[in-house]
Amino acid sequence: MRIKLSLLILLTFITVIISLLSGSVKLTPRQVVDALLNPACSSYSMIIWQIRLPRTLIALMVGAGLALSGAILQAILCNPLAEPYTLGISGGASLGVAIFILFGSQWGFFLLPLGGWAGAIFSILIVSLLAYHKGFSTTSLILSGIIINFLFSSLVLFLFAIFKPYEIQKVLLWLMGDLSPADVKLVNIGMVIIIPAIVLSLVSFRIIDVLTLGEEKSYSLGVNVKRQRMILYLLASTIAGTCVALSGMIGFVGLLIPHMVRKFFGYAHKWVLPASIFTGAVFLTLADSLARVLIAPIELPVGVLTALIGSMFLLLVLIFGKEWRIG
Amino acid sequence: MADFLELKNVTAGYKNKIVLHDISFNVEKQEFIALIGPNGAGKTTLFRVLLGILAVKSGEIIFQGKRLETLSLLYRAQHIASLPQIYASNIHFNVGEFILLGRFPYGDRFHRITSEDKKISDRVIEILELQKLKTVKVNELSGGDLQRVLIAQALVQEPELLLLDEPTAHLDIGHQIEIMDILYNLNQEGLTIITVLHDLNLASEYCQRLILLNNGRIIKDDTPCEVLDYKIIEEVYNTWVVIKENPYTHKPFVLPVSRRKF
């Protein structure tokens, strides 16, 4: 396991290099390293430091966050199909963005992620209140997530009806997922939220293990199921909500990566959680590099690409996989 | 000296429905008790109350001189282990990892697995002869092996009281005897056991004391010979029975009889 994880970390570094190399301006690895090490004397340091590195960082962070969030949610809900977006976060975030465009666009579009973030947090709070009322059972969480998602998505459609076309396009573009940072400051804000949340969830790996045994068994092993499930849900969805705010809707990472990881690392969360973090980071960063060069100079929205890759992958496994267990 | 476990006038149930009425009994250390009774009698509810998952509506449960609800969950987990009915198909851990999860109540802040944890789990694995299954996944175990693994996980909690809900359900007769023998040996070594059992004959063979429940009340609480009286059993289970004596153990043996004409 240790070796596998080390290989994965190595792969992450390679991915970062690849990501820094790809873009409309062709750079050699040497030029990239030069720009990284001696920003003052390299003529490309502007491209690397201002444009490519923030984008790579966002890709790493969002990929890691979404995959980790999915791994946690699938475990604590004992549901292999759970992912960050099924639990109301996507609906809330898009409503937040839509409302922002309606009322707040005079403050500048670079603040758009804040609208998404507020919407995501709002829906997380509503879902947890609803579920808390029902004892925070897995079913109540999933159901309230789906209901809130539907409610907010239909409100978004309602807003579309009164929007001007260019405003609709703005929301749609955001929904497709885009990793180019609106503002470098947002990267920092994202890190401040995501990194502590990642650390907190990593140290809870054993509690997550126990929670997968079901409510009664966890309880008799001394875990306060309701409280721990609530904490972990809030943690996972805050991570996911922040990712969505940073990058829009990037589908399939949270669903697919944890399953791929379990194929190689088994089911103990001591390994599943860190491995999901790195695999998610690698996957999204590579997908983003691909999106930038595939039909250059036009950029594909990375969310479209991950959804394409993800669904193709699942389709292949469904057809050719001998023994595929989800969950 | 206070009793090991004491239930005083316990009433419990769900939202609008009271399932257990005024249940009182005492349990001494090293007893082996079966909770028996027809479906819907309240056995599983009583199991959940003993486990502390379901709060009592009135009355109290005293464990080793202290009210159960005042004890922390971790403290309880270090003294009381349980085997709820579990959905093993969702559990993909291998047997070794799964058993070690039973050490959770003893973990520190970061729940590192200590050499003590390993030692205890290795000993339990040896006692229950699970060495060969250590790397098998829990969801791929057969019914009998699964029960042994579940018992192993409960044992590494080093409990003084073991609560079981239907440990022999869905097992063939060979595995039923195997599991009950394991429980019998554990009991002989000092473990107090309370188990929900559907099979009256297993209860009669293995347990010193049977508590018969019906409609949420205790009908009879005594030795198998006293409880397995045909008049009581026929009334509670609403069927005809013949009670015989097991020729080897001289324990009562219950044979249900069809009411159709012969």
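Since the model is a prediction, treat every value here as computed from it, not as a measurement. (Residues numbered from 1 in each chain as written. Chains lettered and ligands numbered in written order. Predicted model: local features only at pLDDT ≥ 70, side-chain atom pairs only at ≥ 80, totals over all residues.)

**Section: the overall build of chain A**
The helix and strand tally for chain A stands at 14 helices and zero strands. Along chain A, from the amino end to the carboxyl end, the secondary structure elements read α-α-α-α-α-α-α-α-α-α-α-α-α-α. Taking 20 Å as the expected radius of gyration for a compact globule of 327 residues, we find that chain A reaches 20 Å, a close match to that expectation. Looking at chain A residue by residue over its 327 residues, the buried ones come to 50%. Pairs at least 24 residues apart make up 76% of the contacts formed inside chain A by residues separated by at least 6 positions. (Helix = DSSP H or I, 4+ residues; strand = E, 2+ residues; numbered from the N terminus. Rg over C-alpha atoms; globule rule 2.2 N^0.38 Å. Buried ≥ 20, exposed ≤ 12 C-beta atoms within 10 Å, placed from the backbone. Contact = placed C-beta atoms within 7 Å.)

**A short note on the nonpolar core**
Membership of the largest hydrophobic core comes to 170 residues, with the highest contact counts inside it found for Val62 of chain A together with Val149 of chain B. The element best represented in this core is helix 3 (residues 45-76) of chain A, accounting for 17 residues. Setting aside its immediate chain neighbours within four residues, Val62 of chain A contacts Leu179, Cys243, Leu246, Ser247, Ile250 and Leu284 of chain A. (Core = buried A, V, L, I, M, F, W, Y, C linked by C-beta atoms within 7 Å.)

**Overview of the packing of helix 4 (residues 89-104) of chain A against helix 11 (residues 225-247) of chain A**
All names here are of chain A. As a packed pair, helix 4 and helix 11 sit with axes 10 Å apart at the nearest point and diverge in direction by 40°. Classified by the angle their axes make, helix 4 and helix 11 are oblique. Crossing of helix 4 against helix 11: the hand is right-handed. Side by side, helix 4 and helix 11 meet where Ile89, Ser90 and Ala93 of the first sit next to Ser237, Ala240, Gly241, Val244 and Ala245 of the second. When its residues are assigned to classes, the contact of helix 4 with helix 11 shows five nonpolar, three polar and no charged. (Axes fitted to C-alpha atoms, helices over the stretch in contact; angles between N-to-C directions. Parallel < 35°, antiparallel > 145°, perpendicular 65-115°, else oblique. Left-handed = near helix turned anticlockwise from the far one by under 90°. Nonpolar A, V, L, I, M, F, W, Y, C, P; charged D, E, K, R; others polar.)

**Some points on the confidence of the model for chain B**
With 97% of its residues at a pLDDT of at least 70, chain B reaches an overall mean of 90. For this predicted complex, the interface score ipTM comes out at 0.86, while the overall pTM is 0.87. (pLDDT = per-residue confidence, 0-100.)

**Things to note about unusual backbone geometry**
The residue Phe252 of chain A is not glycine, and still its phi comes out positive at about 75°. Here Phe252 of chain A is to be found in the loop between helix 11 and helix 12 (253-265). The backbone phi angle of Asn238 of chain B is positive, close to 55°, even though this residue is not glycine. If you trace the backbone, Asn238 of chain B turns up in the loop between helix 9 (230-237) and strand 11 (240-245).

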